[in-house]
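Summary of structural features
The chain contents come next:
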Amino acid sequence: MKNENNVKIHVSHLKKNYGKLEVLKDINVDICEGEVVVILGPSGSGKSTFLRCLNRIEAITAGEVVVDGNHIDSKKIDINKVREKIGMVFQHFNLFNNLNVMQNLMLAPVETKQMNKEQAKAQALQMLKKVGLEDKADAYPSQLSGGQKQRVAIARSLCMNPDIMLFDEPTSALDPEMVGEVLQVMRDLAADGMTMVIVSHEIGFAREVADRVIFMDGGYIIEEGTPQEVILNPKEARTIDFFNKVL
Amino acid sequence: MTGLITEYGKLLLEAMGQTLIMALYSLLFACIVGLFFGMLSVLKNKPCNWIAQIFVDVIRGVPMIVLAFFVYFGIPYAFKSIFDIRFTIEPLQAGIICLSLNCGAYMAEIIRAGIQSVDIGQMEAARSLGLTYWKSMRKIVLPQAIKTMIPSIINQFIITLKDTSILSVIGFPELVNTAKSVISITHDSFKVWIIVGVMYLIVITILSKVAKILERKLNHDEK
């Protein structure tokens, strides 16, 4: 899967500090087109921060992040244009509470002038169908269950036709019986060949869907490889310790 | 009482009209002042935050009567003595300036708090989709912030309406000032102040009711 020509995200010597606190110390990783990468690790290991640095929702302190050839920290690029091609799904869904489902899906395509209203609406319906919620177009976020909200959030990102999807603990805030429906949508996306970076605690899902698992701790990538290698046969002491506790 | 009302009722009503004119202009400008400084205080830019903070602190820290004297007497005097430019400010203009600044400072705080009450995730989600800061603010954050701000804004409007009475000190013929003139003729301060009190009460009660309806309607729209 990995070769030099189709690197989608290139990260080298990435550092991120909050004041004196060093959250990311030295992250180096390349993610290829169509690859599904799951990032695992204990709380506070920096995995969410790392994900948020990839579309500069979090400003980076040092190092470089290159997405599709764009140095996202460069003053020359228009970060909004880059973000249009990077979908992001949040732990707490972050659906726009003042808009209904259809408006949530249409907002970005129309406002960024990718589409006119009719096109955006047609596409929104198509994406809602994809996540199985075409009957919820007129509902407001407060009327949806957690699982439905997260599926709408995924559909909203897909409406921008992204090349990359970032998932920040997409199932952590869900009731257990709703985790499956969200993971199914993600599974379908992976099968469609979407490049995905997923921060998750769903180890079963990681084993099933990930092309690569990255284990982070203390602001570093400790170990990476296939799910087989990292989850079932970890080499580093901290990785072994972590999976002993969670498996 | 009836004699007082038939004789001076029209005068007092006109004075109420003046009070309302001053209050409405002040509220309009206060919204602009408040929005401007409120936005300055939420921007991710320290100097902007400082400017907003200083403005709010200064206005909050100075009694409005001092501000009124300063604008009405102090500023024309300063221009006369420093630049030898002679001009006067009309009491209405001075009053509107004072009330706009005063109400604007409190509005800035209401707007800042309202914006900050909207979950940061709303802005992050909008930005992650490629929307600019201002578009995200306008389409997502402000509409949600306004809903939480409305009760405080209405409260501030009522306070501003009452604060017009302070401007009687610079001679603007609003309700309190006019009442004083009426008393100087009739010497009946008991009845005149009751009438004036009831007039304020009626106008403010109507305003509060309208505000409640508006508030309910807005909340209902975006269930």
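Here is a short report on the structure shown in this document. (Residues numbered from 1 in each chain as written. Chains lettered and ligands numbered in written order. Predicted model: local features only at pLDDT ≥ 70, side-chain atom pairs only at ≥ 80, totals over all residues. Heavy atoms only, no water.)

**Structural notes on empty space enclosed by the protein**
All names here are of chain B. Taken as a whole and judged by the stated rule, the model has 1 cavity of 30 Å³ or more. Lining the largest cavity are F37, G38, S41, A52, Q53, V56, A108, E109 and R112. Of all elements in the fold, only helix 1 (2-42), helix 2 (46-61) and helix 4 (91-117) reach the threshold of two or more residues within the lining of the largest cavity. Split into classes, the residues belonging to the lining of the largest cavity amount to 4 nonpolar, 3 polar and 2 charged. (1 Å grid on protein atoms, 1.4 Å probe; cavity = no way out; pocket = protein on both sides within 12 Å on 5 of 7 lines; lining within 4 Å. Points joined across faces, edges and corners; volume = space filled by probe spheres on them. Helix = DSSP H or I, 4+ residues; strand = E, 2+ residues; numbered from the N terminus. Nonpolar A, V, L, I, M, F, W, Y, C, P; charged D, E, K, R; others polar.)

**Overview of unusual backbone geometry**
All names here are of chain A. Positioned with a positive phi, H13 is a non-glycine residue whose angle comes to about 50 degrees. Locating H13 in the fold gives a position in strand 1 (residues 7-18). Owing to a relative accessible area of 48%, H13 belongs among the partly exposed residues under this scheme. Residues other than glycine seldom take positive phi values, yet N94 does so here, at roughly 55 degrees. Mapping N94 onto the fold places it in the loop between strand 6 (86-89) and helix 3 (101-111). By relative accessible area, which is 6% here, N94 ends up buried. (Buried < 20%, exposed > 50% of the residue type's maximum accessible area, 1.4 Å probe, protein only.)

**Some remarks on the layout of surface pockets**
Residues and elements named next belong to chain B. Of the volumes computed, that of the largest pocket is approximately 700 Å³. Residue lining of the largest pocket: 23 residues in total, with K44, I120, M123, R127 and Y133 positioned closest to the centre. Of all the elements, helix 5 (residues 120-128) adds the most residues to the lining of the largest pocket, at 4 residues. Its residues assigned to classes, the lining of the largest pocket shows 12 nonpolar, 2 polar and 9 charged. What the second largest pocket holds in volume is close to 470 Å³. Around the second largest pocket, the lining comprises 20 residues; the ones closest to its centre are C31, I153, I154, F157 and L214. Counted by class, the lining of the second largest pocket contains 20 nonpolar, no polar and no charged residues.

**Notes on the pairing of strand 10 (residues 220-225) of chain A**
Every other side chain in a regular strand lies on the same face of the sheet, so the side chains alternate between the two faces. Residues and elements named next belong to chain A. Relative to strand 10, strand 9 (residues 212-217) runs antiparallel, the two sharing 5 bridges. Bridging across to strand 10, M216 finds its partner in I221. The antiparallel pairing of strand 9 with strand 10 creates a hairpin that spans 2 residues between the two strands, and G218 there sits at a positive phi of about 60 degrees. (Pairing = 2+ DSSP bridges.)

**Focus: the side chain of S157 of chain A**
Along the chain, S157 of chain A turns up in helix 5 (residues 146-158). Look at S157 of chain A and you get buried, because its relative accessible area is 2%. Separated by 3.2 Å, the side chain of S157 of chain A and the backbone oxygen of M88 of chain A make a polar contact. Residues within four places of S157 of chain A in sequence aside, it is in contact with G87, M88, V89, P162 and M165 of chain A together with L129 of chain B. (Polar contact = N/O pair within 3.5 Å; in protein donor to acceptor, adjacent residues only side chain to side chain. Contact = heavy atoms within 4.5 Å.)

**As for the sheet that holds strand 9 of chain A**
Residue and element names in this part refer to chain A. The sheet built from 6 strands is open, its strands ordered 6-7-8-3-9-10 with mixed pairing. The outermost strands of the open sheet, each flanked by one partner alone, are strand 6 and strand 10. Neighbour to neighbour, the strand axes of the sheet diverge by 15 degrees on average, direction disregarded. Note: strand 3 (residues 36-40) against strand 8 (residues 195-199), 4 bridges, orientation parallel. Following the sheet pairing, V38 is matched in strand 8 by I198. Strands in contact with helix 5 are strand 6 and strand 7 (164-168); relative to strand 6, the strand with the most contacts, it is inclined by about 170 degrees. Across the sheet, helix 6 (residues 176-191) touches strand 3, strand 7 and strand 8, and the angle it forms with strand 8 is around 145 degrees. (Axes fitted to C-alpha atoms, helices over the stretch in contact; angles between N-to-C directions.)

**Focus: the pattern of salt bridges**
Following the criterion strictly, the structure yields 18 salt bridges over all chains and no others. Its salt-bridge partner being E111 of chain A, residue K139 of chain B comes within 3.2 Å of it at the nearest N-O pair. Here E111 of chain A lies in helix 3 and K139 of chain B lies in helix 6 (residues 133-163), a pairing that spans two chains. Note that D217 of chain A and R238 of chain A form a salt bridge whose closest N and O atoms lie 3.6 Å from each other. One end of the pair, D217 of chain A, is in strand 9; the other, R238 of chain A, is in helix 9 (residues 237-246), with 21 residues separating them in the sequence. In the salt-bridge network here, residues are joined through shared partners; they are K8, D68 and D163 of chain A. (Salt bridge = Lys/Arg side-chain N within 4 Å of Asp/Glu carboxyl O.)

**Quick notes on the packing of helix 2 of chain B against helix 4 of chain B**
All names here are of chain B. Helix 4 packs onto helix 2 with a crossing angle of 130 degrees between their chain directions and a minimal axis gap of 9 Å. When the axes of helix 2 and helix 4 are compared, the pair comes out oblique. Every pair of crossing elements has a handedness; the one defined by helix 2 and helix 4 is left-handed. Residues F55, V56, I59 and R60 of helix 2 pack against L101, N102, G104, A105, Y106, A108 and E109 of helix 4. (Parallel < 35°, antiparallel > 145°, perpendicular 65-115°, else oblique. Left-handed = near helix turned anticlockwise from the far one by under 90°.)

**Some words on helix 2 of chain B**
Residue and element names in this part refer to chain B. With 16 residues, helix 2 should cover 22 Å at 1.5 Å per step; its first-to-last C-alpha distance of 22 Å lies within 8% of that length. Residues of helix 2 that are buried: C48, N49, A52, F55, V56 and I59. An end-on view of helix 2 places all buried positions within 130 degrees of arc, on one side of the element. In helix 2, the exposed residues that point more than 90 degrees away from the buried face are K46, W50, I54 and G61. (Expected span 1.5 Å × (residues − 1). Arc of directions from axis to C-beta.)

**Section: the sheet that holds strand 1 of chain A**
All names here are of chain A. The 4 strands are arranged 2-1-4-5 in an open sheet whose pairing can be described as antiparallel. Every interior strand has two partners, whereas the edge strands, strand 2 (21-32) and strand 5 (70-71), have only one. In this sheet, strand 4 (residues 62-67) lies alongside strand 1 in antiparallel orientation, the contact comprising 5 bridges. Each residue of the ladder has a partner; that of S12, found in strand 4, is E64.

**Remarks on the interface of chain B and chain A**
Taken together, the 20 residues of chain B in the interface contact 26 residues of chain A. Surface buried jointly by chain B and chain A totals about 2000 Å² across both partners, of which 54% is contributed by carbon and sulfur atoms. Here chain B and chain A share 3 salt bridges between them. At the boundary of chain B and chain A, one finds 9 residue pairs in polar contact (both at pLDDT 80 or more). Taken together, the elements giving at least two residues each to the side of chain B that touches chain A come down to helix 5 and helix 6 of chain B. Looking at the side of chain B that touches chain A residue by residue, the classes come out as 6 nonpolar, 6 polar and 8 charged. (Buried area = accessible area lost by both parts, 1.4 Å probe.)

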